[in-house]
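# Report on the structure
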Amino acid sequence: MNARAQYQTRSPSAAGSLGYHQAAIWVAVALVMFAAVRIQVVIPLLPKLRPALVASVLGLLYLMSNTPGAAWKSAFRDRSAQLMFLYYGWALVTVPFALYPGLAFDSATTPVLAQVAIVLATLVTAPTSTNLRILERFWAYGTAAHLAGMVALGVAVDGRVFTTTGYDPNDYAAMAAMVFPLCMGLVQREKGFWKAIALGCAVVLVLGVVKTGSRGGTLALVAGALFYVLAARGARKALSIALFVFGGMAAWAVAPPSYKQRMYALVEGEQDYNYTDYGGRKQIWARSRIYIARHPVAGVGIGNFPIIEGQYLEEKGKVGKWSTAHNSYYQAGVELGIFGGLLLMVQILVSYRRGWRLRRASIGDEPAGTGSHPELGAAFAAFTCSSVFLSHAYFPYFFGLMSLVAMAERVAAASPQESIQGATASLPMAGSRSRSSLRPVSMPAPLPVPPIADGRGGRATAGGWRSRAGWPGQRGRFAP
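A short tour of the structure in this document, coming up. Just so we're clear, the structure is a prediction, and the values are computed from it rather than from any experiment. (Residues numbered from 1 in each chain as written. Predicted model: local features only at pLDDT ≥ 70, side-chain atom pairs only at ≥ 80, totals over all residues. Heavy atoms only, no water.)

What follows deals with the overall build of the protein chain. When helices and strands are counted, the protein chain shows 21 helices and 7 strands. Taken across its 480 residues, the protein chain has 51% of its residues classed as buried. A separation of at least 24 residues holds for 72% of the contacts in the protein chain among residues at least 6 apart in sequence. When the accessible surface of the protein chain is totalled, it reaches about 22,000 Å², and 65% of it is carbon and sulfur. (Helix = DSSP H or I, 4+ residues; strand = E, 2+ residues; numbered from the N terminus. Buried < 20%, exposed > 50% of the residue type's maximum accessible area, 1.4 Å probe, protein only. Contact = heavy atoms within 4.5 Å. Areas by Shrake-Rupley, 256 points an atom, 1.4 Å probe, with all protein chains shown as cover.)

Right under this line is the structure:
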């Protein structure tokens, strides 16, 4: 069954008839804000209440109590959810073989709960363009607010802003780079006040990357922007190019000297500590290949990369830092073995494919064929780039955006324009005399089919009439 047949709904009210709970969207919003964006870290005393854990547990319990089984079944059938469960299921399988099983168990349970909750809450939300827009807004607004708070509360060291929130400047830059394309998508679709808010968030995210001084974050921001420009079309492409060019010039003009120096070093290929030091990224990646060769099947256990680093230091008689992988792909390969590393790449490729297909999709009330939604694929382009430099194999932004792409695919399949496309024919207008004067005319939607036996084993359903054989052009489902 293709996506259109699986998720087809004619309107938001029809979506509700399929069993989606109306309040699921706000549970998903709460999880995005507290479990992924972690907006609580910029609010005094709130982190002590552990809102991420509370929101995850209470949110899942609420959804399980109010969401019918049909919506849950649809969520568990989604490829993103299945791959996520396989990924973390494999992480649990490898726990007994970890260097420190206790650390692996802790890393594979409590932190993972929040990510699972985000994905499931998003997938059991009614697939409507309104709900999709709400989620995109809170991803954008929440991340921009977090970065603004980070800049206000952080301490500048050598021109880079540091905080005690658990994220370092490179993490913040990656967050901004991944969400920046969503802001640009909102800028091009919102109107009036909301457009101004989206543009303001985009400015905050770019300035946040500059304040962090992260070279990897800057590369990720550029990668996402390039994907966005290449995937956009028509007037939106020209507007995107103009915004990125002038925005980049403005950001460079206000950037501190330390940031410019780091960018000059990046362009000129200057070899700093990342190339020469034992704790630099290049040497860590080289050692990662050794660790994978030693533990190819089960890895060293989720969260155990610093442990294998410490053991290798002892083996070589060195004293140094028990470093993280500084690369998501090596992190997954070392901690979860070759199979776990492949699972991470498959999840990225599946989301890429969805984002590429959605770059020109008509979603919601847009006229068929006029939509352009490159922001979702661009967000994954930014993640793919930032993951080369950061240990984000279990980053909540990755799984949250992956579920957002899955929801967008459902919304595109549920759009009225998409659902009646098969019933659209190109007919000549009255009085036309040539082929050049032919214009497409949308045929009216078919009348409801009465729930009577059709001789082919058909049966009535909540969404209309479903037939085992179906009619040509209806993909096995009659129009309601």
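We now examine the pattern of salt bridges. In the structure shown here, the tally under the stated rule is 10 salt bridges. Glu-309 serves as the salt-bridge partner of Arg-287, at 2.9 Å between the closest nitrogen and oxygen. Residue Arg-287 is found in helix H16 (residues 281–294), and its partner Glu-309 is found in helix H17 (residues 305–316); the two are separated by 22 residues along the sequence. Classification of Glu-309 by relative accessible area gives buried; the value is 1%. Glu-315 is paired through a salt bridge with Arg-294; the nearest N and O atoms lie 3.0 Å apart. In this pair, Glu-315 is assigned in helix H17 and Arg-294 in helix H16, connecting sequence segments 21 residues apart. Residue classification places Glu-315 among the partly exposed residues on the basis of a relative accessible area of 45%. (Salt bridge = Lys/Arg side-chain N within 4 Å of Asp/Glu carboxyl O.)

Our next topic: the side chain of Thr-143. Relative to the helices and strands, Thr-143 is located in helix H9 (residues 129–153). A relative accessible area of 0% means that Thr-143 is categorised as buried. A polar contact is formed between the side chain of Thr-143 and the backbone oxygen of Trp-139, at a distance of 2.7 Å. (Polar contact = N/O pair within 3.5 Å; in protein donor to acceptor, adjacent residues only side chain to side chain.)

So, on to the environment of Ala-414. Residue position: Ala-414 is located in helix H20 (residues 396–414). Separated by 286 residues in sequence, Ala-414 and Thr-128 place their C-alpha atoms 7.6 Å apart.

A cluster of nonpolar side chains, Leu-53, Val-54, Val-57, Leu-58, Leu-61 and Met-64, forms an exposed patch at the surface whose accessible area comes to about 500 Å². Looking at the element boundaries, Val-54 is found in helix H4 (residues 51–66). (Patch = residues over 30% accessible without salt bridge, like charges linked within 9 Å, V, L, I, M, F, W, Y side chains within 5 Å.)

Let us now look at the packing of helix H3 (residues 24–36) against H4. Orientation of H3 relative to H4, taken along the N-to-C sense of each, is 160°, at an axis distance of 9 Å. Taken together, the axes of H3 and H4 are roughly antiparallel relative to one another. In this structure, the crossing between H3 and H4 has a hand that is left-handed. Residue-level inspection shows Ala-24, Val-27, Leu-31, Phe-34 and Ala-35 of H3 in contact with H4, the latter providing Pro-51, Ala-52, Ala-55, Ser-56, Gly-59, Tyr-62 and Leu-63. Among the residues making up the contact of H3 with H4, the classes are represented as 10 nonpolar, 2 polar and no charged. (Axes fitted to C-alpha atoms, helices over the stretch in contact; angles between N-to-C directions. Parallel < 35°, antiparallel > 145°, perpendicular 65-115°, else oblique. Left-handed = near helix turned anticlockwise from the far one by under 90°. Nonpolar A, V, L, I, M, F, W, Y, C, P; charged D, E, K, R; others polar.)

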